[in-house]
Amino acid sequence: MGLHEKDLNAIFERYPAKVRRNRKKHILVVKDTSQERQQIEANTRTIPGIITTRGCAFAGCKGVVLGPLKDMVHIVHGPVGCGYYAWLTRRNKARAEDPKKNFLHYCVTTDMQESDIVFGGEKKLSGMIDEVVEIFKPNAITVSATCPVGLIGDDINAIAREAQEKHKIPILAFSCEGYKGVSQSAGHHIANNGLMEGIVGQGEMTEPPHRFSINLLGEYNIGGDSWEIDRILQGIGYYLVAPMTGDGSFETLKNAHVAELNLVQCHRSINYIAEMLETKYGTPWLKVNFIGIQNTIDSLRDMALYFGDRELTQRTEEFIARELAMIEPVMEQYKKICQGKTAFCFVGGSRGHHYQGLFGEMGMDTVLAGYEFAHRDDYEGREIIPDIKLDADSRNIPDLKVTPDKELFRLKITPEKKKELQDKIPLSNYQGMIQEMKDGSLVVDDLNHFETEEFIRLLKPDLFASGVKDKYVAQKMGIPSKQLHSYDYSGPYEGFRGAVKFAEDVAMGFVSPTWNFILPPWKKDPL
Amino acid sequence: MLDSTPKEMIQRKVGLINPAKTCQPIGAMYAALGIYRCLPHSHGSQGCCSYHRSHLTRHFRDPIMASSSSFTEGASVFGGGANLKTSIKNVFEIYDPDIMAVHTTCLTETIGDDIPSILSTAEVPEGKRVIYASTPSYVGSHITGFSNMTTGMVNCLVEPGEKEKKEQVNVLPGFVNPGDMREIKRMLKELGIKFIMFPDTTGVVDSPMTGRYQMFPRGGARVKDIQDSGSSKFTIALGFFASSEAAFLLDRKCSVPPVVLRTPVGIKATDEFLMTLRNRFIQDIPYELEEERGQLVDIMTDTHFHFHGRKVALFGDPDMLTAMTEFLLSLGMIPAYVLTGSPGALFEKEINTMLKAAGVEGKVRAAGDLFELHQWIKNGPVDLLIGNTYGKYIARAEDIPFVRLGFPVMDRSVHSYLPVVGYRGAMRLIEMISGALLDRADRDAAEEDFELVM
Ligand code: SF4
Ligand code: SF4
């Protein structure tokens, strides 16, 4: 492994000067992480013309965070495309007790036409809300704006307010036009603000329904991930108040304020809510990672430490032991196949980090990792947040200021206890990805197509783990490729059983006989 | 599944629930991929480009490359000229395509970026080309976008050529899979007729596995051929919605007469396609094609009792639907509901005329959505559903055999390699349809009625 400066420079040389200056700041070779913090640039504009894998604010807001809420109808106000592409494409699964209250299979769009662009689309939107209420009778509705809506100035907030008066159900408006911010990240933030303002805290509950009540944040139930986590948590004796947002609902989200602890899986997409919940309701958050066996174990132990209950701790250990006994022998066979291989790991906001532990357990080294739309703290840790300079693009995303709720604020643990715990567990803290990476490995922010090709040539990874847009690029090079956004229609990959499933899928990619046919026999044996 | 869709029809006036169309740029992007060494470029914010690439990738399971002007709020306020110029510079320096095909998005259309005037001051390297099409997503559908980019090719590349026309035909295949384009080309080669096909995505979105990635694979229409299309004897536009505009423009610009035909799906439309070529080039149809046709008729006769009189609901893109409706009628089936998401009064008229001539009662709808189609089915069940992947929810909800056809098909593989056009394509369609119906018959059969031979 290890990359020579000169190889890196050779890649940069191929860029026009301006692009080179920019991209250099987004790429670093990990050096002695115990000594000093390394700085990387992130969450800045994509260079025009660069083939990026990034999406837009709308994708982050409706596509990632709002979309999975199953008992709400999500109206997309805009031309047909945006709504259409965000329709069922994330593989976020949901079960609903009442099948009439699961709207995930519906895609509702105002399908703006030219006349709406010219004369405004407000009437159309309120008409659409009326029809949605009549047809679906949802518990609540969201409205997400796409690019042209912001430009022509439709006041979606006013329309939502009026409609809410009229229909007596919450109707939340999200100004998540695609051009806001520099990536999906802006949309996560906008969605977080909206859920916090419009839903959380509106429920009847004032007390936690159970001693070990928790919320699960930043888990989107791709391929059934959160059901595996649910199985584990229930098995140990936790009570899940509100899943956010995979398999989540308006009804459960309302009461998120009563939980004793918030777990944060995907830090990037939901750290805003985690912070706000702490300020407003006094609930601390714990950074967890349920991808990988050891990560899952660590997370469970951290949770047990937080609650500090002897029986809970004991049940945790028993559960872990039982699961390990079941999965270890199976993992062993896959490990034999994967041992010594290397991986690229370039995904959205958190998986770029989360999967590295699991790869390690399979005997694989991650030689390059990166995020599509992270901020510096996802790489460097939360302590650098105060140092992050806000640029114009980030300033455009309103920060929601919350204060302790007069009635519902309840300090879940004392400041002293919190301090004490923070020395042991990542409570209200996230260390970032770089910390855990090996020296010599590469970190690349917003990896683009050109760099993907070049780095694959240089590092020759055995596995390429990324999204659908670049998956087939690697595969054409004869490198097995795994989608870490949508899992190639497989999953779940989280928790104990998920780790096994993942190892199985990756091993399958390595041993598949299909790779042997790439070179035709006449090329191997010329006349 | 779709439990909230009520049976009683609801008067809906605005918007769409479960659309049967999508926006223009994805069609434009697909068309642009049909030029050799062309990089499609989406002028707008990068989210659109990302969605279009993902969606095309899911359908074709091949890398789909396209760049974006990556707007942020500033560009949206001050106009995107600077972003586009920077993009052009970066794209040619870093990726080195021969040609860039710029299309707009709803954002750049709304702010009114004037692409031709931006391009007139952009630095385009020697020997390289930039073409463009205006593709506002609040007009038409992905089919309109495909049509606009195809028209853009004529607009930007074709020069009024020689008066003297060559013995060659232009073929605009429309929004079909590369497998279909290959089949159309094969028929033309069997006929021995010189042709120029554009866009031509064969070899681009179905490129072979070689162990080497090529950003610009071998396939695609060559720019010089597209330029030469002005000298062709005539143009065959396959599919009114996707192809006729470009053919008409070619006529206005270079006096190349257009013939607009149905997408050659099924026996009649294929016959028409071949007859048009035969008559214009005064040429015999080779035995190979006649043999295929004979085989197809043989199969149709052999199997007619499997589907005769069965009711079908079909949805998708207008050109595919008109051709498919005709084919279903030739099989003796009943296209009970035919719905497209794309707008077009002409579509409704054409299908209605066909149904009427066949004495079949059916509901026809342009600019409809799948919610409406589902409601129709709830009120009058059908034996078969034909449409893209999104139909699987209705198929499951109503327990109807389902054949995947059109764009996008994201949950099955191989479809984009195999044709549905021509006589061979028709054979394949029959296999798919009868397979779906007979699998269902077997599944539902009582044990004592479960049969080995037909
Ligand atoms: S913003 Fe417009 S062009 Fe982009 S995906 Fe949405 S509808 Fe399509
Ligand atoms: S893990 Fe990545 S892809 Fe998933 S929600 Fe978080 S940021 Fe998005």
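How each quantity is defined
Residues numbered from 1 in each chain as written. Chains lettered and ligands numbered in written order. Predicted model: local features only at pLDDT ≥ 70, side-chain atom pairs only at ≥ 80, totals over all residues. Heavy atoms only, no water. Near = heavy atom within 4 Å. 1 Å grid on protein atoms, 1.4 Å probe; cavity = no way out; pocket = protein on both sides within 12 Å on 5 of 7 lines; lining within 4 Å. Sits in = over half its atoms within 2 Å of the grid points. Helix = DSSP H or I, 4+ residues; strand = E, 2+ residues; numbered from the N terminus. Nonpolar A, V, L, I, M, F, W, Y, C, P; charged D, E, K, R; others polar. Pairing = 2+ DSSP bridges. Axes fitted to C-alpha atoms, helices over the stretch in contact; angles between N-to-C directions. Parallel < 35°, antiparallel > 145°, perpendicular 65-115°, else oblique. Left-handed = near helix turned anticlockwise from the far one by under 90°. Contact = heavy atoms within 4.5 Å. Points joined across faces, edges and corners; volume = space filled by probe spheres on them. Buried < 20%, exposed > 50% of the residue type's maximum accessible area, 1.4 Å probe, protein only. Right-handed = clockwise from strand over helix to strand, strands pointing away.

Now for the site of ligand 1. All residues in the neighbourhood of ligand 1 are listed as A:Pro79, A:Gly81, A:Cys82, A:Tyr85, B:Cys23, B:Pro25, B:Cys48, B:His52, B:Thr105, B:Cys106 and B:Ser137. Of all the cavities here, the one that holds ligand 1 is the largest cavity. Broken down by secondary-structure element, the contributors of at least two residues to the shell around ligand 1 are α4 (80-85) of chain A together with α2 (46-60) of chain B. Among the residues making up the shell around ligand 1, the classes are represented as seven nonpolar, four polar and no charged.

This brings us to the sheet that holds strand β10 (residues 342-347) of chain A. Residues and elements named next belong to chain A. Read across the open sheet, the six strands follow the order β1-β12-β11-β10-β13-β14; overall the sheet is mixed. Only two strands of the sheet have a single neighbouring strand rather than two, namely β1 (27-29) and β14 (481-483). Strand after strand, the sheet turns through a mean of 15 degrees between neighbouring axes, direction not considered. Judged from the six bridges that link them, β10 and strand β11 (residues 365-371) form a sheet pairing that is parallel. Each bridged residue has a counterpart across the sheet, and for Ala 343 the counterpart in β11 is Thr 366.

Bringing the packing of helix α15 (residues 370-379) of chain B against helix α16 (residues 391-398) of chain B into the picture now. Residues and elements named next belong to chain B. At a minimum axis distance of 11 Å, the contact between α15 and α16 shows a crossing angle of 25 degrees. Our classification of the angle between α15 and α16 gives roughly parallel. Helix-helix and strand crossings are classified by hand; for α15 and α16 the assignment is right-handed. Contacts between α15 and α16 involve Leu 370, Leu 373, His 374, Ile 377 and Lys 378 from the former and Ile 394, Ala 397 and Glu 398 from the latter. Residues that form the contact of α15 with α16 fall into these classes: five nonpolar, one polar and two charged.

What follows is about the sheet that holds strand β7 (residues 195-197) of chain B. Residue and element names in this part refer to chain B. If you trace the four strands from one edge of the open sheet to the other, you get β7-β6-β8-β9, paired in parallel fashion. Every other strand in the sheet has two partners, leaving β7 and β9 (258-261) as the edge strands with one partner each. On average, each strand axis in the sheet is inclined to that of its neighbour by 20 degrees, with strand direction left out of account. Sheet analysis places strand β6 (residues 166-172) next to strand β8 (residues 232-238), joined by five bridges and oriented parallel. The partner of Lys 166 across the bridge, within β8, is Ser 232. Each of β6, β7 and β8 touches helix α8 (residues 178-191); the most contacted strand, β7, lies at about 175 degrees to it. In this fold helix α11 (residues 267-281) packs onto β6, β8 and β9, with an angle of close to 170 degrees to the strand it touches most, β8.

A few words now on the layout of surface pockets. All names here are of chain A. The computed volume of the second largest pocket comes to approximately 970 Å³. As for the second largest pocket, its lining consists of 35 residues, and the residues nearest its centre are Tyr 272, His 375, Ile 385, Leu 390 and Asp 399. Among the secondary structure elements, those contributing two or more residues to the lining of the second largest pocket are α9 (184-198), α12 (267-281), α16 (376-380) and α17 (392-395). When the residues that make up the lining of the second largest pocket are grouped by side-chain class, the tally is 11 nonpolar, 11 polar and 13 charged.

The next thing to look at is the pairing of β6(B). All names here are of chain B. Counting buried residues along β6, five of its seven residues qualify, which places the element largely inside the surrounding structure. In terms of strand pairing, β6 meets β7 through three bridges, oriented parallel. Within β7, the position partnered with Asn 170 by the bridge is Ile 196. Viewed along the sheet, the connection from β6 through α8 into β7 turns out right-handed.

Geometry only, nothing functional implied.
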